[in-house]
Amino acid sequence: MARNITPRAEDYSQWYLDIIKAAELADYAPVRGCMVIRPTGYSLWESIQHHFDEAFKETGHVNAYFPLLIPNSFLEKEAEHVEGFAPECAVVTHAGGEVLEEPLVVRPTSETVIGHMYSKWIQSWRDLPILINQWANVMRWEKRPRLFLRTSEFLWQEGHTAHSSREEAMEETLKMLGVYARIMRDILALPVVEGEKTEGERFPGADNTYACETMMSDGKALQAGTSHFLGQNFARAFDIKFQNQNGDLEYAWTTSWGVSTRLIGAIIMTHSDDDGLVLPPRVAPVKAAILPIGTNEEKVASTLLPRALELSSELDRSLGGRCTVVDKQFYLRPGDRFFQHLQRGVPLRVELGEKDLAAGTARVVRRDSGEKMDIPLENLASRIPELLEDIQSGLFNRALDFRRQNTSVVSTYDEMKKVMEEKGGFVETWFAGTRDDEKKIKEETGATARCMPIDSPEEGPCFFTGKPGGRKVIFAKAY
RNA sequence: CGGGGCGUAGCGCAGUCUGGUAAGCGCGCCUGGUUCGGGACCAGGAGGUCGGAGGUUCAAAUCCUCUCGCCCCGACCA
């Protein structure tokens, strides 16, 4: 039992913060709402970045970088956009010792600058599509920050594409939603629901927003990624026009999509336990920690350490990349070293002691189950990858089971209220209500419409209004 | 921004109501030793002027005013 972590059942949000602290993922910065991502946390982010970036490249996207500062007037060009973001914008009014003629907004997102640039770059249908992504920081001044889930500055990736037809842009929007869902499931072991957002939850300036919704281990929903179909809204605002094959001028169709460091929060709240962080092997920067254990310095130096280093590089080769570490903290007692890796969520711990070597085995311990096994040295290189895959699928299945067990299907508002009061989790139902209805539901139950699952196109009677033609909707309390 | 709580050593806290050698405890850290396969033990140390500013007083961590910040709950969000 970890003595530095509040049990999850006792205080969920304290548990979450304790995990972050114990795993040394992040720390509070001197400026409220900002966080320092510590090396352990940043390496996790790099791993996440790596998997997403690779997928973006595979789908033909290229990376670029647009500036942090945006002329205030840009924000104002799209009415809904400015309305949505103005309240949370940080604005630079002074620079170079003078008051600026036009205030500069620290980007809360980059549709506007990118739209401005696209209008310069796009003239012909031959220039389309433009498929650009950028990895960047953005700032949205938050009233209630929480590490990784909501910080005033956060790191993310924003894809911005422009297309010559509505169909192609819509296809792109859904394609990237699918890419997100795939990586979240396969790599981050997060069971996600792909869905369309209701009007009230839409991105400011978008015609339509899609999202990957995931359930945390307290039953609350977390929006883990969004993909927006922007229609021609930004094209009109920024004059992104192209000449089509008939010689006519048309506005382009644009999309944008993003995932952020919030994913780290999702991973923590989906997989971790009362002992600390638990990481799915495929996204874990360190997949196995190898610990030579012994007090006889000579023996450690002559046999244990070399064997550990050898195993480490062998595993790095077979697993691809530098993903194992050899723990050389001999000044710590074994228990302290165990706990360190445990709390950082390292999927496997491989203990290599004198007793093990004498027996020709290594003691391997799983982070997810705590199971210990003695594996013959010659089998390690093949067994460890298998174990990692087993942990990976186990974590996903456990999370999926949890979501299923905490998803209730209801057909009346009374039922829904009862579920939200007694059980929480996701509520699945038919809904044909208005924005005001959503508001009322939120006021009375605390739950919001998370999304309309895209794999449930059928319609049914609205649980709230009784009207026919309701779409399948998931309601839940959300982060 | 509204409601609630809190700022004393790196962390967690006691002391504040009833001003006056109480700046103290636990963990952590440093040194030495014994230990060493799930968070050790003994001994000896280093470290804070009590969030900040002003005020009351012979005297303030303790009382008053202002201020900054943090945490939790609500309205808003990747």
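Definitions and limits used
Residues numbered from 1 in each chain as written. Chains lettered and ligands numbered in written order. Predicted model: local features only at pLDDT ≥ 70, side-chain atom pairs only at ≥ 80, totals over all residues. Heavy atoms only, no water. Domains from an automatic or database assignment. Contact = heavy atoms within 4.5 Å. Buried area = accessible area lost by both parts, 1.4 Å probe. Polar contact = N/O pair within 3.5 Å; in protein donor to acceptor, adjacent residues only side chain to side chain. Helix = DSSP H or I, 4+ residues; strand = E, 2+ residues; numbered from the N terminus. Nonpolar A, V, L, I, M, F, W, Y, C, P; charged D, E, K, R; others polar. Core = buried A, V, L, I, M, F, W, Y, C linked by side-chain atoms within 4.5 Å. Buried < 20%, exposed > 50% of the residue type's maximum accessible area, 1.4 Å probe, protein only. Axes fitted to C-alpha atoms, helices over the stretch in contact; angles between N-to-C directions. Left-handed = near helix turned anticlockwise from the far one by under 90°. Near = heavy atom within 4 Å. Pairing = 2+ DSSP bridges. Parallel < 35°, antiparallel > 145°, perpendicular 65-115°, else oblique.

Draft legend 1. Seen up close, the domain arrangement of chain A. Once the domains are mapped, chain A shows domain 1 (12–271), domain 2 (288–387) and domain 3 (407–476). On a C-alpha basis, the centres of domain 1 and domain 3 stand 27 Å from each other. Taken together, the 17 residues of domain 1 in the interface contact 15 residues of domain 3. Note on domain 1 versus domain 3: buried area summed over both sides is about 1400 Å², and carbon and sulfur give 61% of it. Together, Glu196, Thr198 and Met215 form the three largest contributors to the area buried by domain 1 at its contact with domain 3, with a combined 33%. At the junction of domain 1 and domain 3, the tally comes to seven residue pairs in polar contact (both at pLDDT 80 or more). At the level of secondary structure, the elements contributing two or more residues to the side of domain 1 that touches domain 3 comprise strand 9 (192–196), strand 10 (208–215) and strand 11 (221–229). Grouping the constituent residues of the side of domain 1 that touches domain 3 by class yields five nonpolar, six polar and six charged.

Draft legend 2. Representation of the nonpolar core within the structure. One finds Ile48, Phe52, Phe148, Met184, Leu188, Leu263 and Ile268 to be the most contacted residues of the largest nonpolar core, which totals 56 residues. Secondary structure elements with two or more residues in this core: helix 1 (12–22), strand 2 (35–37), helix 2 (39–58), helix 6 (166–186), strand 10, strand 11, strand 14 (253–260) and helix 8 (262–271). No other element matches helix 6, which puts nine residues into this core. Not counting residues up to four positions away in its chain, the partners in contact with Phe148 are Tyr16, Ile20, Leu25, Ala26, Met35, Thr261, Arg262, Ile264, Gly265 and Ile268. Counting residues in hydrophobic clusters, the runner-up holds 27 residues, among them Val300, Leu377, Leu380 and Leu388.

Draft legend 3. Main features of the packing of helix 2 against helix 6. Their axes nearest at 11 Å, the elements helix 2 and helix 6 cross at an angle of 145°. Helix-helix and strand crossings are classified by hand; for helix 2 and helix 6 the assignment is right-handed. Packed against helix 2, whose contacting residues are His51, Phe52, Ala55, Phe56 and Glu58, the element helix 6 presents Met176, Val179, Tyr180, Arg182, Ile183 and Met184 at the interface.

Draft legend 4. Fine view of the protein's contact with RNA strand B. As a structural note, the neighbourhood of RNA strand B is formed by 39 residues, with Arg32, Arg144, Gln223, Arg333 and Asp356 the closest of them. Within 4 Å of the protein, the contacting atoms of RNA strand B are drawn from sugar and phosphate to the extent of 39%. Interatomic distance of 3.0 Å between a backbone N/O atom of Glu354 and a base oxygen of RNA strand B. Between RNA strand B and Lys442, the relevant distance is 3.0 Å, taken from a phosphate oxygen to a side-chain nitrogen or oxygen of the residue. Of all the secondary-structure elements, those providing two or more residues to the surface near RNA strand B are helix 1, helix 10 (334–343), strand 17 (348–353), helix 11 (354–359) and strand 18 (361–366). Looking at which element gives the most residues to the surface near RNA strand B, the answer is helix 10, with seven residues. Residues belonging to the surface near RNA strand B are distributed by class as follows: 11 nonpolar, eight polar and 20 charged.

Draft legend 5. Summary view of the pairing of strand 11. Across the nine residues that make up strand 11, a large majority, eight, are buried. Sheet topology note: the strand 10/strand 11 ladder contains eight bridges and is antiparallel. Within strand 11, the residue paired with Thr209 across the bridge is His228. Counted along the chain from strand 10 to the antiparallel partner strand 11, the turn is five residues long, and its residue Gly219 has a positive phi close to 90°. Judged from the four bridges that link them, strand 11 and strand 14 form a sheet pairing that is antiparallel. Counted as the bridge partner of His228 is Ser256 from strand 14.

Draft legend 6. Region of the structure containing the packing of helix 1 against helix 8. Running from amino to carboxyl end, helix 1 crosses helix 8 at an angle of 115°, the nearest separation of the two axes being 11 Å. Our classification of the angle between helix 1 and helix 8 gives roughly perpendicular. Every pair of crossing elements has a handedness; the one defined by helix 1 and helix 8 is right-handed. Listed contacts from helix 8 to Tyr12, Trp15, Tyr16, Ile19 and Ile20 of helix 1 are Gly265, Ile268 and Met269. Of the residues contributing to the contact of helix 1 with helix 8, the split by class is seven nonpolar, one polar and no charged.

Draft legend 7. Just the environment of Phe426, in detail. The residue Phe426 is located in strand 21 (residues 426–431) in this model. With a relative accessible area of 1%, Phe426 lands in the buried category. Here the alpha-carbon distance between Phe426 and Pro453, two residues 27 residues apart in the chain, equals 12 Å.

Draft legend 8. Examining the sheet that holds strand 6 (residues 98–106) more closely. Ordered in space as 4-6-5, the three strands form an open sheet in which the pairing is antiparallel. Lying at the two open borders of the sheet, with one neighbouring strand each, are strand 4 (69–71) and strand 5 (91–95). Each neighbouring strand pair of the sheet contributes to a mean axis angle of 50°, computed without reference to strand direction. Both strand 5 and strand 6 contribute to a ladder of four bridges, which runs antiparallel. Paired with Ala95 across the two strands is Glu98, which belongs to strand 6.

Draft legend 9. Just unusual backbone geometry, in detail. The linkage connecting Leu128 with the following residue, Pro129, adopts the cis geometry, with an omega of -5°. Following the sequence through the fold, Pro129 ends up in the loop between helix 5 (111–121) and strand 7 (130–139). The phi torsion at Phe148 lies on the positive side, around 70°, for a residue other than glycine. With respect to the helices and strands, the residue Phe148 is situated in the loop between strand 7 and strand 8 (153–163). Its identity is not glycine, yet Ala189 carries a phi of approximately 55°, on the positive side. One can find Ala189 in the loop between helix 6 and strand 9. Judged by relative accessible area, Ala189 falls into the buried class, the value being 0%.

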